[in-house]
Amino acid sequence: MQLEDYSYPFCKQQPETDMHILLQCNLAKSIWFALLPEAMHSQQKFNSLQKWVKSWNHAQSIISFKNENNILLATVIMWQIWKSRCITVFEEKLSHPNNIIISIKQFCMKYNILGSETNPIGRNNNSKPKDKWKKPPKNWWKLNFDAAFDKDTNTCGIGLILRDCAGRFVEAMVKVTKARDVEQGEGLALLEAVEWVRSRNWKNVIIEGDCKTVIEVVTSNFGNSSWQDHNLLSDISRLVEACSNIICTFFPRTGNEAANGLAKYAKRYECNQVWSVNPPRCIHSILELDNSM
């Protein structure tokens, strides 16, 4: 007699409960982190989906009925996660987290659910200057990347830094190369980040950068990148699509200071180097500040 498999079809690791499907599975966590990270952290206090939703009645709750924008976004996120689950079960088609994130963004834009000023999925460098680096979800790592470009010499420094869910330093890398402009440099930095993750066989990695154009093109084929970068960004997109455990997200420069510091270091000293035990001194103060938030 064959026993019925009640495990969740996305991860095959935990029973298929509403909490696991919508909030606790690594796939769900990556989506919440990319779109509404504050909500993801708040739900960890509750042992049922019903209790978490009931907590929205409290004015001090991060997701509150007094904040219509967050309520709408949280609802769309859960609906799209459930929709993807049904497609997996009934059509046997797995959805990449990036594709679910894109669907949520497109739905919100189509129906004008969130205004541009308060929309957390439409961040830009000027909307929230106070935003700081955030730790990834439990069992996930975050790899920040950045590029520093010298227009006089076309020298481009690339900085990469990997941290765990507790905000602890894991590894960092700097490389120097040549680029046409800063946007191409950002693309090369993202390519370096993706190839680094693949070469080390790291799992559950959120790759985060502050160049919105590059991230948008790679994750959704939208954006106004230069035609000269089309092949580069298309190659990156294919690499990311082939890895179900890599998420690419945009975050403002204020949350990407460590990678920026490393990129500037690489450009200044024109060096290629890896740190795997202790971080370089040039970013010590930045890491301390990030962990204090």
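Residues numbered from 1 in each chain as written. Predicted model: local features only at pLDDT ≥ 70, side-chain atom pairs only at ≥ 80, totals over all residues. Heavy atoms only, no water.

1. Describing the overall build of the protein
Then comes step 1: Of regular secondary structure, the protein possesses 11 helices and 6 strands.
Then comes step 2: Out of the 293 residues in the protein, the part that is buried amounts to 52%.
Then comes step 3: Intrachain contacts of the protein at a sequence separation of at least 6 include 68% that bridge at least 24 residues.
Then comes step 4: Taken as a whole, the protein presents about 15100 Å² of accessible surface, with 49% of it coming from carbon and sulfur. (Helix = DSSP H or I, 4+ residues; strand = E, 2+ residues; numbered from the N terminus. Buried < 20%, exposed > 50% of the residue type's maximum accessible area, 1.4 Å probe, protein only. Contact = heavy atoms within 4.5 Å. Areas by Shrake-Rupley, 256 points an atom, 1.4 Å probe, with all protein chains shown as cover.)

2. A closer look at the sheet that holds strand β3 (residues 169–178)
Then comes step 1: Spatially, 6 strands are ordered β5-β4-β1-β2-β3-β6 in an open sheet, and the strand pairing comes out mixed. Each edge of the open sheet carries a strand with a single partner, namely β5 (246–250) and β6 (273–275). Here the strands of the sheet are splayed against their neighbours by 15 degrees on average, with no regard to which way each runs.
Then comes step 2: With 3 bridges connecting them, β3 and β6 associate as antiparallel partners. Paired with valine 174 across the strands is glutamine 273, a residue of β6. (Pairing = 2+ DSSP bridges. Axes fitted to C-alpha atoms, helices over the stretch in contact; angles between N-to-C directions.)

3. Regarding the pairing of strand β2 (residues 155–163)
Then comes step 1: Taken across its 9 residues, β2 has 9 buried, putting it largely inside the fold.
Then comes step 2: Side chains Thr155, Gly157, Gly159, Ile161 and Arg163 of β2 all project onto a buried face; the interleaved residues Cys156, Ile158, Leu160 and Leu162 project onto the opposite face, where all are buried too.
Then comes step 3: Of the pairings in the sheet, the one linking strand β1 (residues 141–150) to β2 comprises 9 bridges and is antiparallel in character. When the sheet's bridge partners are listed, leucine 143 is paired in β2 with leucine 162.
Then comes step 4: In this antiparallel pair of consecutive strands, β1 and β2, the connection spans 4 residues, and asparagine 154 shows a positive phi of 60 degrees.
Then comes step 5: Relative to β3, β2 runs antiparallel, the two being bridged by 9 bridges. Within β3, the residue paired with isoleucine 161 across the bridge is alanine 172.
Then comes step 6: In textbook terms, the turn of a hairpin is the stretch between consecutive antiparallel strands, and for β2 and β3 this stretch comprises 5 residues, one of which, glycine 167, has a positive phi near 85 degrees.

4. As for the pairing of β1
If a strand is regular, its side chains alternate between the two faces of the sheet.
Then comes step 1: Among the 10 residues in β1, 7 count as buried, and that is most of the element.
Then comes step 2: Judged from the 4 bridges that link them, β1 and strand β4 (residues 205–209) form a sheet pairing that is parallel. Across the sheet, the residue bridging to lysine 142 is isoleucine 206, located in β4.

5. Remarks on the packing of aromatic side chains
Then comes step 1: The final tally for this structure, using the stated rule, is 7 aromatic pairs.
Then comes step 2: Arranged with centres 5.7 Å apart and planes meeting at 85 degrees, the rings of tryptophan 32 and tryptophan 52 form a pair that is edge-to-face. Of the two residues, tryptophan 32 is situated in helix α2 (residues 26–35) and tryptophan 52 in helix α4 (residues 49–54); the sequence distance between them amounts to 20 residues.
Then comes step 3: Judged by its relative accessible area of 1%, tryptophan 32 falls in the buried class.
Then comes step 4: A relative accessible area of 1% places tryptophan 52 in the buried class.
Then comes step 5: With 5.0 Å between their ring centres and 75 degrees between their planes, tryptophan 196 and tryptophan 202 make a pair best called edge-to-face. In this pair, the class of tryptophan 196 matches that of tryptophan 202, namely buried.
Then comes step 6: Among the aromatic residues, those joined into a cluster by ring pairs are Trp32, Trp52 and Trp56. (Phe/Tyr/Trp six-rings, centres within 6.5 Å; stacked < 30°, edge-to-face > 60°.)

6. Quick word on the confidence of the model for the protein
Then comes step 1: When pLDDT is averaged along the protein, the result is 84, and 86% of the positions lie at 70 or above.
Then comes step 2: Of the regions scoring below 50 in pLDDT, residues 115–129 engages in 28 contacts with residues more than four places distant in sequence or in other chains. (pLDDT = per-residue confidence, 0-100.)

7. A short note on the packing of helix α8 (residues 212–220) against helix α9 (residues 230–241)
Then comes step 1: Relative to each other, α8 and α9 sit at 55 degrees, their axes nearing to 8 Å. Judged by the angle between their axes, α8 and α9 are oblique. The handedness of the crossing between α8 and α9 comes out as right-handed. Where α8 approaches α9, its residues Val214, Val217 and Val218 are matched on the opposing element by Leu233, Ile236, Ser237 and Val240.
Then comes step 2: For the contact of α8 with α9, the class distribution of residues is 6 nonpolar, 1 polar and no charged. (Parallel < 35°, antiparallel > 145°, perpendicular 65-115°, else oblique. Left-handed = near helix turned anticlockwise from the far one by under 90°. Nonpolar A, V, L, I, M, F, W, Y, C, P; charged D, E, K, R; others polar.)

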